[in-house]
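Chain by chain, the residues:
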Amino acid sequence: MTTELERYAASLLPVFGTPQLVIDHGDGAYVVDTAGRRYLDLVGGIAVNALGHNHPALVEAITKQAGQLVHVSNFFTTPAQIALAERLLRISGAPAGSKVFFCNSGTEAIEAAIKLSRRTGRRGLVAAQGAFHGRTTGALALTAKAAYREPFEPLIPDVTHVPYADVAALRAAVGPETAAIVLEPVQGEAGVVEPADDYLRAAREIASAAGALLIIDEVQTGIGRTGDWFGFQRSGIVPDAITVAKGLGGGVPIGALITFGEHTSGLLTAGQHGTTFGGNPLACAAGLAVLDTIEADGLLEHVGAVGDAFAARVTEAGIPGVRGVRGRGLLRAIVLEEEIAAQAVVTARGQGFLVNAVAPDALRLAPPLVITDAELATFADALPRILEEAA
Ligand SMILES: *Cc1c(COP(=O)(O)O)cnc(C)c1O
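Scoring rules and cut-offs
- Residues numbered from 1 in each chain as written.
- Predicted model: local features only at pLDDT ≥ 70, side-chain atom pairs only at ≥ 80, totals over all residues.
- Heavy atoms only, no water.
- UniProt positions renumbered as here; feature names shortened; annotations may be inferred.
- Buried < 20%, exposed > 50% of the residue type's maximum accessible area, 1.4 Å probe, protein only.
- Helix = DSSP H or I, 4+ residues; strand = E, 2+ residues; numbered from the N terminus.
- Pairing = 2+ DSSP bridges.
- Axes fitted to C-alpha atoms, helices over the stretch in contact; angles between N-to-C directions.
- Contact = heavy atoms within 4.5 Å.
- Core = buried A, V, L, I, M, F, W, Y, C linked by side-chain atoms within 4.5 Å.
- Domains from an automatic or database assignment.

Looking at an unreviewed UniProt entry, one finds the chain named Acetylornithine aminotransferase, with Metallococcus carri as its source organism. The UniProt entry for the chain carries the following text under Sequence similarities (unreviewed entry): "Belongs to the class-III pyridoxal-phosphate-dependent aminotransferase family. ArgD subfamily."

Bringing the pairing of strand β9 (residues 241-244) into the picture now. Covered by surrounding structure in β9 are Ala241 and Thr243 together with Ile242 and Val244, the residues of both alternating faces. As paired elements, strand β8 (residues 213-217) and β9 share three bridges and run parallel to each other. Along β9, the bridge assignment pairs Ile216 with Ile242. Pairing of β9 with strand β10 (residues 255-259) involves four bridges; the strand directions are antiparallel. Counted as the bridge partner of Ile242 is Ile258 from β10.

Let us look at the sheet that holds strand β6 (residues 159-162). An order of β4-β10-β9-β8-β7-β5-β6 is seen for the seven strands of this open sheet, with the pairing classed as mixed. Each of the sheet's edge strands pairs with one partner strand only, and the pair in question is β4 (99-103) and β6. Across the sheet, the axes of successive neighbouring strands diverge by a mean angle of 20 degrees, strand direction being ignored. Across four bridges, strand β7 (residues 178-183) lies against β8 in parallel orientation. Note on β8: the bridge partner recorded for Ala180 is Leu213. Contacts from helix α4 (residues 79-91) reach β4 and β10, with the element oriented near 125 degrees to β4.

Here we come to the sheet that holds strand β15 (residues 362-365). Across the sheet, four strands lie side by side as β11-β12-β15-β14; this open sheet has antiparallel pairing. With partners counted over all chains shown, the strands left at the sheet margins are β11 (322-328) and β14 (356-359), one partner each. Averaged over all adjacent pairs, the angle separating strand axes in this sheet is 30 degrees, with direction ignored. Along the sheet, helix α13 (residues 341-350) makes contact with β12 (331-336), β14 and β15, crossing β14 at roughly 170 degrees.

Let us look at the nonpolar core. In terms of nonpolar packing, the biggest core is built from 84 residues, with Leu88, Leu170, Leu183 and Phe379 touching the most fellow members. Counting residues domain by domain, this core receives three or more from each of domain 1 (4-54 + 298-390) and domain 2 (60-296). Every residue in contact with Leu88, bar those within four places of it in the chain, is listed here: Val100, Phe102, Ile223, Phe230, Leu248, Ala256, Ile258 and Leu291.

Structure follows, in structure tokens:
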């Protein structure tokens, strides 16, 4: 008999390697595989399943919208699209004249941001070492990892990568040719790396002094992940644009570029950008359900509280093999003494927990924002045995 994974290997491009599980369904912060085994989902679809699995508000919103309209093209608009744009402008604190462009993924939001930056009349882009901004050929030029880039070079030119969280290096790289600085507020794929509090403030000053845009990539950090609506908000800056995706649709594909203020929002004009699916009513209804639920259930406070409690629990337990915990809210990395993260993913799974080896020595947690203190504690309590087995 052919197994599902054999059928997968025979039918899907191997770019993702071999999937770890065949998942059948989920509920809250748990998923169940086709063999009936249950796992606490601390990956959360890589910071996507903001409301967890099978959340009634999301199910209801999608079901209702599907019975009404799924897609109409951008020759037309829908109440859901307008409402979600207004909502994003409000929660991002964007000033008057700010605007939203909807697309379908994080990398597409970055593509839109790159095109926005070109409309300044300059070409230079400054990003950070360790940065991840997506896999399409434009966004890939901003992504730093050589293994992702090199097979596809030449990419778009005039991109400089500077050490992350290094103000002097950023200042030295930005000049009159710089169209935009593009930064994550916390680097996700690099291993959940947080800069000092004043880094984004310095980036804001440097961009303004050079007449360049400051574009903050909130694809992983946005939509409550760090305990604020957006990661940049903690530093009190006003960016020129932000990119959003992952958590926004709660699992339904949607991305957005938000341009701040009238000047930046005037850079892309009619006909200069577009997408067939972007802003479709199904995805926008999902986005509204996610934002409504985060607000109604006080999830921003919840994320801050359970994230801090979890980090404290792991740190104070003095678990052998754990060097510390990085990150904010529910975007966390457990930093290990040894490079055994890949093995720990396997032993964690054996004990009923899904985690991600974001680096050889770091486990990333980006669980549903609705995960409880008690659910997180089960993982903290299991961690000593998970690491013991992995070693
Ligand atoms: C995941 C991610 C992207 C790319 O998003 P996709 O939806 O996978 O295209 C871009 N930027 C950041 C910061 C991300 O974490």
